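# Summary of structural features
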Amino acid sequence: MVLWLALTPSARAQPQDGPGSTGILPPILVIVDPFGVAMIHPTRLGGETWFLSNNPLGDPRFEPQHPITRNPDGSWKIRHNEVRLSVFTSTGYNQSRIASYDRDVLARQGYMQAPNDWKNVEMTGYVRLNQAQSLDDNFSWYARGGQHTGGEECEGSAYKGALHYDGRVRWQKEMWHVRYAQSRFSQLAELKRGEWVGFKAIMRNTPDGRVRLQLWVDEDANKLTWREVEDIYDQGDWGEDSMPCPGSSAKMPITWGGPIAVFRWDNAPDVDFKWLSVREIWP
């Protein structure tokens, strides 16, 4: 992958005082992806990456599950009340290659299916909410698991970054499908109908065994003015029960990767999307 560099004014420019000051911070160097979207963390050298292609219907690593159509502006539209845009690693998804769902085993080996599972990742997507049936629902970017179905509960682990249609944001920890722990909400402005917003969910392990979870939004939808709205750690004191999944602790951080990353939303029957990406970043 080629990293592009852009010289751009600071998104957070503040007046500066002192002799010779112009009152504005100087330009800053921003690393951007192939769409021109600013990265918060650089891509890991040789790491897994995926970007929404110009022909996503021909991409074997992308599974929208429902019909999508191209808009005149080049973005894509999906009309469904339950959207799960699944993104596979370059290895693909093969449930038969998952040898164990024991949480201690997964934590030791660091992955669920293969060493290149989505683990330390920055997930980015721009969405345009045209219609919503419930403001309580949300856009949710998540990873660190496989399929989320009733038949394979222990495969459905994930950290889920949620941007609600009413402007609330928070992290969810899914120990198994379906058992959640929730962080407290932070409140942003309600999403405006028919306007683009950028949303990033970042999860990465730290050297001391914790998992850092960050949420960022680009409310101007200009690819560059990202604002951090959530930054928390899972340090093993967050969670409920691990039944029916084996493991020594129900509250242990989800430190392992999974073969599927998902861009999800519900109760929004008309949404446009563009510039989706999943990138492996440095822990």
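It should be noted that the structure appears before, not after, this text.
The following refers to the structure shown. As the structure is a computational prediction, the values presented were derived from the model and not from experiment. (Residues numbered from 1 in each chain as written. Predicted model: local features only at pLDDT ≥ 70, side-chain atom pairs only at ≥ 80, totals over all residues. Heavy atoms only, no water.)

## A short note on empty space enclosed by the protein
Our working definition: The pocket and cavity definitions rest on a 1 Å grid over protein atoms only: a 1.4 Å probe that fits but cannot leave marks a cavity, an open set with protein on both sides within 12 Å along at least five of seven lines marks a pocket, and residues lining either have an atom within 4 Å of a point. Grid points are joined across faces, edges and corners, and a volume is the space filled by probe spheres set on the points. Note on residue categories: nonpolar means Ala, Val, Leu, Ile, Met, Phe, Trp, Tyr, Cys or Pro, charged means Asp, Glu, Lys or Arg, and polar means any other residue, Gly included.
Inspection of every chain in the model, using the stated rule, returns 1 cavity of 30 Å³ or more. When its volume is computed, the largest cavity comes out at roughly 30 Å³. What lines the largest cavity is Tyr 101, Arg 103, Cys 154, Ser 157, Met 175, Cys 245 and Trp 256. Classifying every residue of the lining of the largest cavity gives 5 nonpolar, 1 polar and 1 charged.

## Considerations on the environment of Gly 110
What counts is decided by this rule: Secondary structure elements are taken from DSSP: a helix is a run of H or I of four residues or more, a strand is a run of E of two residues or more, and numbering for both begins at the N terminus. Contact between two residues is taken to exist if any of their heavy atoms lie within 4.5 Å; hydrogens are not considered.
As for its placement among the helices and strands, Gly 110 is situated in the loop between helix H1 (103–109) and strand E8 (121–131). When the C-alpha atoms of Gly 110 and Trp 256 are compared, they prove to be 4.3 Å apart, with 146 residues separating the residues in sequence. Other than its neighbours up to four places away in sequence, Gly 110 contacts Lys 119, Thr 255, Trp 256 and Gly 257.

## Quick look at the layout of surface pockets
By volume, the largest pocket amounts to about 250 Å³. Around the largest pocket sit 16 residues that line it, and Gln 65, Ser 86, Tyr 142, Gln 147 and His 148 are the ones nearest its centre. Listing elements by their share of the lining of the largest pocket, those giving two or more residues are strand E7 (82–88) and strand E17 (260–266). Here the lining of the largest pocket is built from residues that sort into 5 nonpolar, 7 polar and 4 charged.

## Let's talk about the nonpolar core
So the rule is basically this: Residues belong to one nonpolar core when they are buried, are Ala, Val, Leu, Ile, Met, Phe, Trp, Tyr or Cys, and are joined through side-chain atoms within 4.5 Å. Three exposure classes are used, based on accessible area relative to the maximum for each residue type with a 1.4 Å probe and protein chains only: buried under 20%, partly exposed in between, and exposed over 50%.
Trp 265 and Phe 273 are the most contacted members of the largest nonpolar core, which totals 68 residues. No other element matches strand E14 (residues 196–205), which puts 6 residues into this core. Among all residues touching Phe 273, those that are not within four sequence positions of it are Leu 52, Ile 68, Ser 75, Trp 76, Ile 78, Leu 85, Tyr 126, Val 127, Trp 196 and Trp 265. Phe 88, Tyr 142, Ala 158 and Ile 260 belong to the second largest nonpolar core, which has 5 residues in total.

## Section: the side chain of Arg 212
Quick reminder of the rule: Polar contact is the term for a pair of N or O atoms within 3.5 Å; when the atoms are in protein, one must be able to donate a hydrogen and the other to accept it, and sequence-neighboring residues count only if both atoms are side-chain atoms.
Within the secondary structure, Arg 212 is located in strand E15 (residues 211–218). Only 3.5 Å separates the side chain of Arg 212 from the side chain of Tyr 233, close enough to count as a polar contact. Among all residues touching Arg 212, those that are not within four sequence positions of it are Ile 202, Met 203, Arg 204, Thr 206, Asp 231, Ile 232 and Tyr 233.

## So, the packing of aromatic side chains
The cut-off we apply is this: Each Phe, Tyr or Trp ring (for Trp, its six-membered ring) is paired with any other whose centre lies within 6.5 Å, and the angle between the two planes then decides the class: stacked below 30 degrees, edge-to-face above 60, tilted in between. Geometrically, a charge over a ring is one whose NZ (Lys) or CZ (Arg) sits within 6 Å of the ring centre while staying within 35 degrees of the ring normal.
Summed over all chains, the structure comprises 12 aromatic pairs. Seen in terms of ring centroids, Phe 88 and Tyr 93 are 6.5 Å apart; in terms of plane orientation they differ by 15°. Their pairing is stacked. With a centroid separation of 5.7 Å and an interplanar angle of 70°, the aromatic rings of Tyr 126 and Trp 226 are classed as edge-to-face. Of this pair, Tyr 126 sits in strand E8 while Trp 226 sits in the loop between E15 and strand E16 (227–234), and the two are 100 residues apart along the sequence. Across this residue pair, the class does not change: Tyr 126 and Trp 226 are buried. Each residue in the set Phe 139, Trp 141, Tyr 165, Phe 199, Phe 263, Trp 265 and Phe 273 is aromatic and connected to the rest through ring pairs, giving one cluster. Lying over the aromatic face of Phe 185, Arg 168 brings its terminal NZ or CZ to 4.2 Å of the ring centre. Positioned over the ring face of Trp 275 is Lys 223, at 4.3 Å from the centre of the ring.

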